[in-house]
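Architecture and fold: a report
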There are 2 protein chains.
Amino acid sequence: MVDADSVDDDGDPDAPGTDYGPLADELAARDAVGCVAVGDRFDDDLRYLTRFSGPDRDYAFVLTLGSDGAPHTALCAPALFDEQARREFPGDTVGVDRQGDPAGVRAAAALADAGHDSGTVLVPQGIPHDAAVYLENAGYEVASTDAVARARETKTTAELDRLRRVQRAAIRGIRRAETVLAEATVDPDRDEVRWNGGVLSTERLRRQVNEVLAAHGVRDAGNTVIGAGATAADLHYTGTDVIRPGETVLLDVSPRGPDGYYGDVTRTFAVDPEGGWDRRAYLAVEAAREAALEEVAAGVPAATVHEEAAAELAAHGFRVDSSEVGFTHSTGHGVGVSLHEGPSLTADEDLEAGNVLTIEPGVYDPSEGGVRLEDLIVVTGDGFEFLGEYPFSLVPQKRD
Amino acid sequence: MVDADSVDDDGDPDAPGTDYGPLADELAARDAVGCVAVGDRFDDDLRYLTRFSGPDRDYAFVLTLGSDGAPHTALCAPALFDEQARREFPGDTVGVDRQGDPAGVRAAAALADAGHDSGTVLVPQGIPHDAAVYLENAGYEVASTDAVARARETKTTAELDRLRRVQRAAIRGIRRAETVLAEATVDPDRDEVRWNGGVLSTERLRRQVNEVLAAHGVRDAGNTVIGAGATAADLHYTGTDVIRPGETVLLDVSPRGPDGYYGDVTRTFAVDPEGGWDRRAYLAVEAAREAALEEVAAGVPAATVHEEAAAELAAHGFRVDSSEVGFTHSTGHGVGVSLHEGPSLTADEDLEAGNVLTIEPGVYDPSEGGVRLEDLIVVTGDGFEFLGEYPFSLVPQKRD
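Keep in mind that what you see is a predicted model, and the values were worked out from it rather than measured.

1. Brief notes about the overall build of chain A
- Helix and strand counts for chain A come out as 11 helices and 19 strands.
- Computed over its C-alpha atoms, the radius of gyration of chain A comes to 23 Å, within 12% of the 21 Å expected for a compact globule of 400 residues.
- C-alpha extents for chain A along the principal axes are approximately 75 × 45 × 35 Å.
- Each of the 400 residues in chain A was classed as buried or not, and the buried ones make up 60%.
- In chain A, 64% of the contacts between residues at least 6 apart in sequence involve partners at least 24 apart.
- For chain A, the accessible area works out to roughly 14,400 Å², and carbon and sulfur atoms hold 44% of it.
- A distance of 6 Å separates the average location of the 35 positive side-chain charges in chain A from that of its 74 negative side-chain charges.

Okay, here's the thing in structure tokens:
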């Protein structure tokens, strides 16, 4: 067992604050009396707005504007969580009134307390239906906004710090897996890969990765994807497979840190590779990765990054028009308090400095396997920076 | 580092199926044309209905009745997840049409495909507002149902098997923590508890627990609660505190297994306890636990269990009427694919065989600390069974 402190212990820095300015601007622009978000601990907009890692039942966030136009923010804390809400919420008020009432009812009461008993209330479009109905029954008109999602796309320095920490831990997980694969042996019949006295399965390898994540204070969020052979061509495989010699072993590790930010890194290995499809796929994906990264900079249309990767893979003879074979997905996505958030690399928008993106070209063939390489970057004015770096190699190296 | 396989490897049994009968009965009883659930991987009703651990964007489940009254179930699979949806969904149809459309639109299309273009559609009350509006705009009347939540309260044999596995891993986590605390020493100034060459903090202890969870194939779901002293009186502390000699160290470990089921176990220890408040609290909580367990059986009003525990704690001189000091919460809650679900031990309902409950009396005083003991049980006709057992001791014992 690893002792975390023997490796590193970054302590417990304050959570990053939240700039409510963009949301206040949206309220003013749309002549709305408030913005309400309702959800439980699994709602990422609410996590961003409140920095509160609450319970698995609904609570509410309410933003209103004072007569001077300054935002006032309130968290309607769920029962038994007052103490934690006060510790974590960077906004103005932690409300503990009427804790037995539904969150939508409490949100309406907070709007009324702020002096508004009618008018437009902006909500994320996925707000729970009962909360929207409570607000409507209380006399407000509910209108949806994507202002929170848009605000989340540009990261602050404090957020980048959290993302780097989690990515560093994710890379340690990949390093552990690569080392296990480098230590592994092929049995005399060439049927199985063996390690530490037993058959090596994707689940056994996954547990090795997840132990390292835990030792570094981040957690597998249910998506330590490890596939081998045919299941490496399945984009999100989290099951158990025996790992066979020569098969591509694809590891996509996306843990979540204590402040809610994710890391995301993918590497592909093969124990005793055959040098056929796997080698061609690896070279193509490496080239696509370079081609995509070369395009990244503030002001560049996001779709250009994806198109360059796709063109490179097509030039290497891989299909880019199928959902089963070849390059079957987008080149990347934004990462923050959600594993998948904006910007999209297939959308009609320009990249901005502070966007955090995965760059993850891959090619798949269920009869051969899958190869994907993924890194996490932040967009800068004239290019990008990696939020963590780790080498590439189809043949695993011992790096622990 | 622990190698999972050197400890145990339960493999990857098939996920438990879902009995759609109660939902079909509810449809028939309410003369509804369908039931629709919409959400992402974090929606536990959807997890129960589909057994699909999908992505962090919305997808839909649709149940309709055939002309013979038999249920037909469809999962509108999100793009890039067809393969996984087919592997995991135990229902009838995995739909891959219109994957770019919002989940609510796809659900309406599935209802239309089943021959219904109007009528009442039952939904969980927290369905995303946009999905409810899409259904209404497509001509359906949306009405809420708690039939899914009610069905989830009674566990099948397969579900109990999953819960036992996760609880077993949770107990291994507690065992690791108790062993670390038993190995720990008190520094000469009696200021700090030390272990393995460094100061022992709640975060360092948490990482030890989480490594063991990972090694056993379950994961910290962000709620490996460990508090010491004042933070042991905070019900959900997941921060970093130096552990001091004599302080109560409260560990509440609730990991999630690969099929989505949770475990939940709490123990409280003190390194070199003083034998004052901590000892009195421990004895009172042990007695309350016994009193609560004595009441548990099918047919017993749920609230009786809570009231007996509260009466015992009051008899030991602890307050039961405050949200800050004494017994500040309920004696327990249901556990399944949600960490907190029905039945409630303060509600006006009778326990039923197959209910899975925590029994977790505790007393707290921010100036002293907190003591809680928690086990997971299944209600039977004439009593209960533990889903995992672990001994009690205020003074930690080496058990690894």
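2. Some words on the environment of Val166(A)
Residues and elements named next belong to chain A.
- Structurally, the position occupied by Val166 is in helix H8 (residues 157-183).
- Residues Val166 and Asp259, spaced 93 residues apart in sequence, show a C-alpha to C-alpha distance of 9.7 Å.
- Contacts of Val166, omitting those with residues within four sequence positions, involve Val218, Pro255, Arg256, Gly257, Tyr261, Tyr262 and Gly263.

3. Focus: the UniProt feature "domain: Peptidase M24" (unreviewed entry) in chain A
- Mapped onto this numbering, the UniProt entry gives "domain: Peptidase M24" (unreviewed entry) at residues 162-380 of chain A.
- Taken end to end, residues 162-380 of chain A comprises 32% helix and 21% strand; its first and last C-alpha atoms sit 17 Å apart.

4. Remarks on the pairing of strand E15 (residues 356-359) of chain B
All names here are of chain B.
- Judged by which residues are buried, E15 turns out to be covered on both faces: Val356 and Thr358 on one side and Leu357 and Ile359 on the other are all buried.
- As judged from the 4 bridges shared by E15 and strand E18 (residues 375-380), these two strands associate in the antiparallel manner. Note that in E18 the partner of Leu357 across the bridge is Ile377.

5. Considering the interface of chain A and chain B
- Across the contact, 55 residues belong to chain A and 56 residues belong to chain B.
- Summing both partners gives a buried area of about 4,800 Å² for chain A against chain B, and 48% of it is carried by carbon and sulfur.
- Note that Asp234(B) is salt-bridged to Arg87(A), the shortest N-O span being 2.3 Å.
- At the boundary of chain A and chain B, one finds 13 residue pairs in polar contact (both at pLDDT 80 or more).
- Elements with a contribution of two residues or more to the side of chain A that touches chain B: helix H1 (4-7), helix H4 (82-88), helix H6 (129-137) and helix H9 (202-215) of chain A.
- Among the elements that take part in the side of chain A that touches chain B, H9(A) stands out by supplying 9 residues, more than any other.
- Its residues assigned to classes, the side of chain A that touches chain B shows 19 nonpolar, 17 polar and 19 charged.

6. Overview of the domain arrangement of chain A
Residue and element names in this part refer to chain A.
- If you check the domain split of chain A, you get domain 1 (21-152) and domain 2 (157-386).
- Contact with domain 2 buries area across many residues of domain 1, yet Asp44, Arg47 and Arg152 alone supply 70% of it, more than any other trio.
- If you look at where domain 1 meets domain 2, you find 3 salt bridges.
- Partitioning the side of domain 1 that touches domain 2 into residue classes produces 1 nonpolar, no polar and 4 charged.

7. With respect to the pairing of strand E17 (residues 369-372) of chain B
- In E17(B), alternate side chains face the same way, and those of Gly369(B) and Val371(B) on one face and Gly370(B) and Arg372(B) on the other are all buried.
- With antiparallel pairing between neighbouring strands as the criterion, strand E16 (residues 362-365) of chain B and E17(B) make up a hairpin whose turn holds 3 residues.

8. Side note on the relation of the copies chain A and chain B
- The two copies are related by a screw operation: chain A maps onto chain B through 180° of rotation and 0.0 Å of translation along the axis, at an RMSD of 0.0 Å. Seen this way, the second copy is the image of the first under a two-fold rotation axis.

9. Details of the pattern of salt bridges
- Scanning the model with the defined rule gives 56 salt bridges over all chains in all.
- A salt bridge links Asp272(A) to Arg190(A); the shortest N-O distance between them is 2.8 Å. One end of the pair, Asp272(A), is in the loop between strand E12 (265-270) and helix H10 (277-295); the other, Arg190(A), is in the loop between strand E7 (185-186) and strand E8 (193-195), with 82 residues separating them in the sequence.
- With a relative accessible area of 42%, Arg190(A) lands in the partly exposed category.
- Here Asp400(B) makes a salt bridge to Arg175(B), at a shortest N to O gap of 3.3 Å. Residue Asp400(B) is located in the segment after strand E19 (383-386), and its partner Arg175(B) is located in helix H8 (residues 157-183); the two are separated by 225 residues in the primary sequence.
- Arg175(B) sits in the partly exposed class, given a relative accessible area of 28%.

10. Brief notes about the side chain of Asp375(B)
- Position of Asp375(B) among the secondary structure elements: in strand E18.
- Looking at Asp375(B), its side chain comes within polar contact range of the side chain of Arg267(B), at 3.0 Å.

11. Observations regarding the environment of Ala297(A)
All names here are of chain A.
- Note that Ala297 resides in the loop between H10 and helix H11 (302-315).
- Residue classification places Ala297 among the buried residues on the basis of a relative accessible area of 12%.
- C-alpha separation for the pair Ala297 and Asn355, spaced 58 residues apart in sequence, amounts to 9.8 Å.
- Dropping the residues within four chain positions of it, Ala297 is found in contact with Leu351, Val379, Thr380, Gly381, Asp382 and Gly383.

12. What to know about the sheet that holds strand E9 (residues 198-199) of chain A
- The sheet built from 3 strands is open, its strands ordered E7-E8-E9 (chain A) with antiparallel pairing. One side of each edge strand has no neighbouring strand; the edge strands of this open sheet are E7 and E9 of chain A.

13. Examining H9(A)
Residue and element names in this part refer to chain A.
- Compared with an ideal rise of 1.5 Å per residue, which puts 14 residues at 20 Å, H9 spans 20 Å between its outermost C-alpha atoms and is within 8% of the ideal.
- Within H9, 14 of the 14 residues are buried, which leaves it mostly tucked inside the rest of the structure.
- Backbone geometry just downstream of H9 places Gly217 in the positive-phi region, at approximately 80°.

14. Regarding the side chain of Thr268(B)
Residue and element names in this part refer to chain B.
- Of note, Thr268 is situated in strand E12 (residues 265-270).
- According to the relative accessible area criterion, Thr268 is buried, its value standing at 0%.
- A polar contact is formed between the side chain of Thr268 and the backbone oxygen of Arg372, at a distance of 2.7 Å.
- Look past the residues within four positions of Thr268 in its chain and what remains in contact with it is Thr248, Val249, Leu250, Tyr282, Gly370, Val371, Arg372, Leu373, Ser393 and Leu394.

15. Regarding the packing of aromatic side chains
Residues and elements named next belong to chain A.
- Using the criterion set out here, one finds 13 aromatic pairs over all chains in the structure.
- Look at Phe61 and Phe89: their rings are 6.4 Å apart centre to centre, the planes differ by 80°, and that puts the pair in the edge-to-face class. Taken together, the positions of Phe61 in strand E2 (residues 59-65) and Phe89 in the loop between H4 and strand E4 (93-95) put the pair 28 residues apart, joining distant regions of the chain.
- Looking at Phe89, the relative accessible area reads 7%, which means it is buried.

16. Overview of the packing of H10(A) against H11(A)
Residue and element names in this part refer to chain A.
- At a minimum axis distance of 8 Å, the contact between H10 and H11 shows a crossing angle of 150°. With respect to H11, the axis of H10 lies roughly antiparallel. As H10 packs across H11, the resulting crossing turns out to be right-handed. Contacts from Ala284, Val285, Ala287, Ala288, Ala291, Ala292 and Glu295 of H10 reach H11 at Thr304, Val305, Glu308, Ala309, Glu312 and Leu313.
- Taken together, the residues that form the contact of H10 with H11 break down as 9 nonpolar, 1 polar and 3 charged.

17. What about the nonpolar core?
- Within the largest apolar cluster, 74 residues are counted, with the highest numbers of intra-cluster contacts made by Phe61(A) and Phe61(B).
- Beyond its immediate stretch of four places on either side in the chain, Phe61(B) contacts Tyr20(B), Leu23(B), Cys35(B), Val36(B), Ala37(B), Leu46(B), Leu49(B), Thr50(B), Thr73(B), Ala74(B) and Phe89(B).

18. Some details on helix H5 (residues 103-113) of chain A
All names here are of chain A.
- For H5, the buried fraction is high: 9 of the 11 residues fall into the buried class.
- Of the positions making up H5, those classed as buried are Ala103, Gly104, Val105, Arg106, Ala107, Ala108, Ala109, Ala110 and Leu111.
- Of the residues flanking the end of H5, it is Gly115, one or two places downstream, whose phi is positive at about 95°.

Rules used throughout
Residues numbered from 1 in each chain as written. Chains lettered and ligands numbered in written order. Predicted model: local features only at pLDDT ≥ 70, side-chain atom pairs only at ≥ 80, totals over all residues. Heavy atoms only, no water. Helix = DSSP H or I, 4+ residues; strand = E, 2+ residues; numbered from the N terminus. Rg over C-alpha atoms; globule rule 2.2 N^0.38 Å. Buried < 20%, exposed > 50% of the residue type's maximum accessible area, 1.4 Å probe, protein only. Contact = heavy atoms within 4.5 Å. Areas by Shrake-Rupley, 256 points an atom, 1.4 Å probe, with all protein chains shown as cover. Lys, Arg positive; Asp, Glu negative; His and termini not counted. Charge placed at Lys NZ, Arg CZ, Asp CG, Glu CD. UniProt positions renumbered as here; feature names shortened; annotations may be inferred. Pairing = 2+ DSSP bridges. Buried area = accessible area lost by both parts, 1.4 Å probe. Salt bridge = Lys/Arg side-chain N within 4 Å of Asp/Glu carboxyl O. Polar contact = N/O pair within 3.5 Å; in protein donor to acceptor, adjacent residues only side chain to side chain. Nonpolar A, V, L, I, M, F, W, Y, C, P; charged D, E, K, R; others polar. Domains from an automatic or database assignment. Least-squares fit on C-alpha atoms with pLDDT ≥ 70 in both. Expected span 1.5 Å × (residues − 1). Phe/Tyr/Trp six-rings, centres within 6.5 Å; stacked < 30°, edge-to-face > 60°. Axes fitted to C-alpha atoms, helices over the stretch in contact; angles between N-to-C directions. Parallel < 35°, antiparallel > 145°, perpendicular 65-115°, else oblique. Left-handed = near helix turned anticlockwise from the far one by under 90°. Core = buried A, V, L, I, M, F, W, Y, C linked by side-chain atoms within 4.5 Å.

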